[in-house]
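Here is how the chains run, residue by residue.
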Amino acid sequence: MIRTIAFLLMLTLSAQAQYFTKVTTGPQSNDGGDSRSVNWIDTDKDGDLDLFISNGPAAKANNFLYMNNGDGTFTKNTAASVVNDPGSYDGSTWADFDNDGHIDVYTATWYGQTNSLHRQYGGVFRKVIHGDIATDKTYSETASWGDYDNDGDVDLYLANSAVNKANILYTNNGNGTFSKVVTGAIVTYEATSRSVDWFDYDNDNDLDLFVANEGGENNLLFRNDGKGVFVRITAGAVVTDGGDSFGSSVGDIDNDGDMDIFVANHGNTASFLYRNNGNGTFSRITTGTVTTRTGHGVGSAFGDLDNDGDLDLMVANAFSGTSATTNSLYLNDGTGIFTAIDTGIVSTDAGWSYGVAFGDYDRDGDLDIATANCFGANQNNALYRNMGNGNAWLTVKANGSVSNRSAIGAVIRVKAMINGSPVWQYRMIAGQSGYCGQNLEAHFGLRDATVIDSLVVRFPSGITVVKTNVAVRQLQSIDEPVPAGFLRGSWIADTLQGRVPLTVQYINTSVADAGLPVQWQWDLNGDGMNDATTKDASFTYAVADTYSVRLIASNGTTIDTLRSKDEVLVLRPITSPVFISAIPF
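Residues numbered from 1 in each chain as written. Predicted model: local features only at pLDDT ≥ 70, side-chain atom pairs only at ≥ 80, totals over all residues. Heavy atoms only, no water.

A. Just the overall build of the protein chain, in detail. Counting secondary structure elements, the protein chain contains 5 helices and 50 strands. The C-alpha atoms of the protein chain give 24 Å as radius of gyration, which agrees with the globular expectation for 585 residues (25 Å, within 12%). Its C-alpha atoms give the protein chain principal-axis dimensions of roughly 85 × 55 × 50 Å. Looking at the 585 residues of the protein chain, the share that counts as buried comes to 59%. Across the protein chain, the fraction of contacts at a sequence separation of at least 24, relative to all contacts at a separation of at least 6, is 56%. Working note: accessible area of the protein chain is about 21200 Å², and carbon and sulfur atoms make up 52% of it. Computed over 37 positive and 67 negative side-chain charges, the inter-centroid distance for the protein chain is 3 Å. (Helix = DSSP H or I, 4+ residues; strand = E, 2+ residues; numbered from the N terminus. Rg over C-alpha atoms; globule rule 2.2 N^0.38 Å. Buried < 20%, exposed > 50% of the residue type's maximum accessible area, 1.4 Å probe, protein only. Contact = heavy atoms within 4.5 Å. Areas by Shrake-Rupley, 256 points an atom, 1.4 Å probe, with all protein chains shown as cover. Lys, Arg positive; Asp, Glu negative; His and termini not counted. Charge placed at Lys NZ, Arg CZ, Asp CG, Glu CD.)

B. Spotlight on empty space enclosed by the protein. Throughout the structure, instances matching the rule amount to 2 cavities of 30 Å³ or more. What lines the largest cavity is a set of 26 residues, among which Phe 302, Arg 427, Met 428, Ser 433 and Glu 441 lie closest to the centre. Every element with two or more residues in the lining of the largest cavity is listed here: β20 (245-251), β26 (297-303), β30 (353-359), β35 (421-428) and β37 (442-447). Looking at the lining of the largest cavity residue by residue, the class counts come to 13 nonpolar, 7 polar and 6 charged. Both domains that furnish three or more residues to the lining of the largest cavity are identified here as domain 1 (20-386) and domain 2 (392-479). Reported here for the second largest cavity is a volume of approximately 70 Å³. Considering the residues around the second largest cavity, the lining is formed by Asp 147, Asn 150, Asp 200, Asn 205, Asp 206, Leu 207, Ile 408, Gly 409, Val 411, Arg 458 and Pro 460. (1 Å grid on protein atoms, 1.4 Å probe; cavity = no way out; pocket = protein on both sides within 12 Å on 5 of 7 lines; lining within 4 Å. Points joined across faces, edges and corners; volume = space filled by probe spheres on them. Nonpolar A, V, L, I, M, F, W, Y, C, P; charged D, E, K, R; others polar. Domains from an automatic or database assignment.)

C. Highlighting the sheet that holds strand β6 (residues 89-95). Read from one edge of the open sheet, 4 strands run β6-β7-β9-β10, paired in antiparallel fashion. Where the open sheet ends on each side, the last strands, each with one partner, are β6 and β10 (124-127). When strand polarity is set aside, the average angle formed by the axes of neighbouring strands in this sheet is 20 degrees. As paired strands, strand β7 (residues 104-109) and strand β9 (residues 116-121) are joined by 3 bridges and run antiparallel to one another. Note that in β9 the partner of Val 105 across the bridge is His 118. (Pairing = 2+ DSSP bridges. Axes fitted to C-alpha atoms, helices over the stretch in contact; angles between N-to-C directions.)

D. Quick peek at the domain arrangement of the protein chain. What the domain assignment lists for the protein chain is domain 1 (20-386), domain 2 (392-479) and domain 3 (487-571). Taking only C-alpha atoms, the centre of domain 2 and the centre of domain 3 are 36 Å apart.

E. Inspection of the packing of aromatic side chains at higher detail. What the rule picks out here adds up to 28 aromatic pairs. Centroid distance Tyr 157 to Trp 198: 5.9 Å. Interplanar angle 75 degrees. Geometry classified as edge-to-face. Linking Tyr 157 in strand β13 (residues 155-160) with Trp 198 in strand β16 (residues 193-199), this pair joins segments that are 41 residues apart in sequence. Take Tyr 157 and Trp 198: they sit in the same class, and that class is buried. Measuring from ring centre to ring centre gives 5.8 Å for Tyr 506 and Trp 522, while their planes differ by 45 degrees; the resulting arrangement is tilted. Placement of the pair is Tyr 506 in strand β44 (residues 502-508) and Trp 522 in strand β46 (residues 519-523), with a sequence separation of 16 residues. The same class applies to Tyr 506 as to Trp 522, namely buried. Connected via pairs of aromatic rings, a cluster forms that spans Phe 319, Trp 352, Tyr 354, Phe 375 and Tyr 435. (Phe/Tyr/Trp six-rings, centres within 6.5 Å; stacked < 30°, edge-to-face > 60°.)

Right, dumping it as structure tokens:
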């Protein structure tokens with residue numbers, strides 16, 4: 001009997017190994033470089049996943065953006081500002097930080113360079129060049145968006161590993177600008193930080209923070225107690241197991257409704273896997289090859305690669321001396337115990353892989369894999385297509401309104417009958433799905449399920465959408481409803497600095513109950529007088545100065561006022577006959 005079970009397990013693992021084929025045609029498979037981050041993001045809102053890969057050589061390089069053609073092929077984008085901004089880049093994180101309906105991107109740099117924030121304005125990327133978030137020079141590994149204060153817009157946490165090692169938190173002001181947080185343990189404690197994950201480990205509807213540190217330092221866990229107050233957790237293996245930790249990923253590996261933690265360790269050491277006990281503590285798992293096999297772990301990602309109803313795991317390996325190494329793919333038995341898959345192209349393709357991310361780029365219902373490669377600083381990146389196995393699935397795209405537009409922090413639960421038993425699965429939308437990896441969609445494998453009993457989306461605002469009897473094998477888009485009477489004022493500007501005469505366009509991004517008319521009052525030069533009563537506004541500044549802006553919105557039920565101090569800097573005209581264009585924010 002034991003031999004029979006072992007034989008069946010071997011057959012299962014062999015079948016998993018054959019799921020993937022390597023895509024060898026197209027620009028995404030034939031661009032080489034010292035690559036770092038992998039992000040599956042629908043950058044153009046056409047319903048399919050585009051692919052962004054960052055590059056990090058010391059001598060600087062441009063990043064790559066491949067537009068999904070919808071037929072399984074990609075076209076390289078060579079025109080966008082985000083791929084014409086050379087730097088020594090590492091991690092990248094995408095979100096609609098200004099809530100204007102267009103996805104934006106922040107990419108961290110090393111070597112004391114300025115980090116890169118590119119904002120889509122009207123569907124066109126423009127580099128942000130003002131504010132600490134765009135001018136700080138750091139030695140950073142990655143960053144992640146997350147709305148830690150639940151105010152409806154995403155904030156940014158930046159992990160640093162050299163020189164000034166204190167990590168940085170930029171809080172979103174709600175008008176397209178950021179302020180640097182300077183107090184609290186999450187920005188004053190110094191460590192050699194690599195990876196960062198915003199996630200709600202205690203299920204109290206706010207984002208806590210996990211930071212992976214290298215060089216034998218203990219990893220960090222901060223509990224969010226609300227209103228920007230974080231408490232550093234100092235007890236338990238999850239924060240006392242010092243390791244050479246490069247990457248981390250969070251996910252519910254045992255389908256018990258809370259987020260567990262995987263930590264990818266480097267230096268030919270074993271990685272860490274922690275089970276969430278559901279009471280604010282974690283227990284280290286020591287069984288299964290994922291916790292006993294040594295390697296040179298860098299990036300990692302959870303995903304149900306075989307659509308059987310549990311999260312599997314991939315670990316990217318790199319920097320193994322002077323020789324190439326292979327990546328690691330692990331299959332979950334459904335209880336959080338993982339077994340390595342050592343055959344098949346994904347597990348035998350030699351080189352160095354830095355970042356990794358799962359994403360269903362061909363919309364066939366199973367998760368494909370992209371890796372950012374860096375062996376010899378000239379290895380081509382890789383795309384592996386999942387050939388599938390016929391199991392059922394569901395992909396969910398959540399869209400915020402009261403919450404941030406990218407729905408980062410949203411928790412998605414799905415209940416279905418799998419193998420004759422009711423199974424709940426849990427996912428969270430995140431600014432990073434692992435060190436140097438991201439996908440803003442939630443994918444669920446459903447094995448033999450024929451219908452989804454319940455689909456529950458809890459947005460960061462607390463607003464919850466419940467759907468029942470949902471069909472399997474589809475991409476489901478869920479919009480956050482706006483409550484009756486709700487109103488929150490916000491705006492973005494097309495420029496924040498320039499020379500007189502400077503005309504600034506203000507685009508209203510307020511969120512309001514569509515059933516109530518809204519009155520708008522704009523003070524655009526800080527004199528206390530109304531300059532416009534239209535939804536959007538425009539103002540020409542004729543005198544060099546620094547101006548504040550105020551918007552009052554009212555709908556008969558709610559009045560909301562948003563003020564911005566020193567919003568617009570207008571400079572004196574130059575005397576030489578040289579044309580200077582407005583500097584985009």
